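# Structural features, examined
Residues per chain, in single letters:
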Amino acid sequence: MIKTIALGSDRAAKIMAVRAAVARIASVDEKWTDVKVVARAVTITAPAMPLTDWELMKGARERALAVRGLLLAQKLEADLYVGLEGGFHSISLDGEWHTFLRGWAFVTDGKTKTDTGAGDSVHGYFGATPSIEVPETIRKNVIEGKRELGLVIDEVAGMRDVRSKQGAWGVLSRDLVTRSLSFELALIAACAPFYNREMYET
């Protein structure tokens, strides 16, 4: 039974993503029906603007472990701990560079692999968002200008705090895909071993 999920962020879009993912999962697994979401701001060592899948995955994992540590220090716990991290990933194809906006989710039950007989690291799973190509002007501002995407997208969209609402995803896709929806899909993927155990335990 999943009763509590702890999220390593207090951003509205990420909280919405967790709630929406839980609702979708509950439609196939009734154990997810009455889940409480606990959201906490956390401090991590990953860069403010991750520029590779490695940095994104590291950031997502750090967030999940940080919220776990925060709750344990308060003598609290959750059934699952979640980290979500968004940023860029660039890849060269036939000599041409493409930069994508993407994100990663990491979900852990907080158990170490020692508990499962496989070492000391924390047991958990990753899931990725879809990807959308980033316009060159935004790419240059962020990568070459060393600026945070949140600030750049606010300027481009002529809005304030876009990342807490539809996010860069919403701006680039005309709200067909929002930041929250992209993270929702990553979470559904990362949580699969917890709601579809039979497939992952064989």
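Since this is a predicted model, take the numbers as computed values, not measurements.

Applying the stated criterion across every chain yields a total of eight salt bridges. Taking the shortest distance from any N to any O, the salt bridge between R63 and E85 comes out at 2.5 Å. With R63 in helix α2 (residues 53–73) and E85 in strand β3 (residues 80–93), this pair connects stretches of sequence that are 22 residues apart. Residue R63 is classed as buried on the basis of its relative accessible area of 16%. By relative accessible area, E85 is classed as buried at 4%. E144 is paired through a salt bridge with R139; the nearest N and O atoms lie 2.9 Å apart.

The subject of this paragraph is the confidence of the model for the protein chain. Of the residues in the protein chain, 96% have a pLDDT of 70 or more, and the chain-wide mean is 91. Considering each helix and strand of the protein chain separately, the mean pLDDT is smallest for helix α4 (residues 149–157), with a value of 87, and largest for strand β1 (residues 4–7), with 98.

The subject of this paragraph is empty space enclosed by the protein. Rolling a probe over the atoms, with the probe sized like a water molecule, indicates the empty space that remains. Taken as a whole, this structure holds one cavity of 30 Å³ or more when the rule is applied. If you add up the space inside the largest cavity, you get close to 30 Å³. Along the walls of the largest cavity sit I5, V18, A21, V22, I25, W32, V82, L187 and C191, which together make up its complete lining. Contributions of two or more residues to the lining of the largest cavity are made by α1 (12–26) and α6 (179–195). The biggest single contributor to the lining of the largest cavity is α1, with four residues. Grouping the amino acids of the lining of the largest cavity by side-chain chemistry returns nine nonpolar, no polar and no charged.

Rules and cut-offs
- Residues numbered from 1 in each chain as written.
- Predicted model: local features only at pLDDT ≥ 70, side-chain atom pairs only at ≥ 80, totals over all residues.
- Heavy atoms only, no water.
- Salt bridge = Lys/Arg side-chain N within 4 Å of Asp/Glu carboxyl O.
- Helix = DSSP H or I, 4+ residues; strand = E, 2+ residues; numbered from the N terminus.
- Buried < 20%, exposed > 50% of the residue type's maximum accessible area, 1.4 Å probe, protein only.
- pLDDT = per-residue confidence, 0-100.
- 1 Å grid on protein atoms, 1.4 Å probe; cavity = no way out; pocket = protein on both sides within 12 Å on 5 of 7 lines; lining within 4 Å.
- Points joined across faces, edges and corners; volume = space filled by probe spheres on them.
- Nonpolar A, V, L, I, M, F, W, Y, C, P; charged D, E, K, R; others polar.

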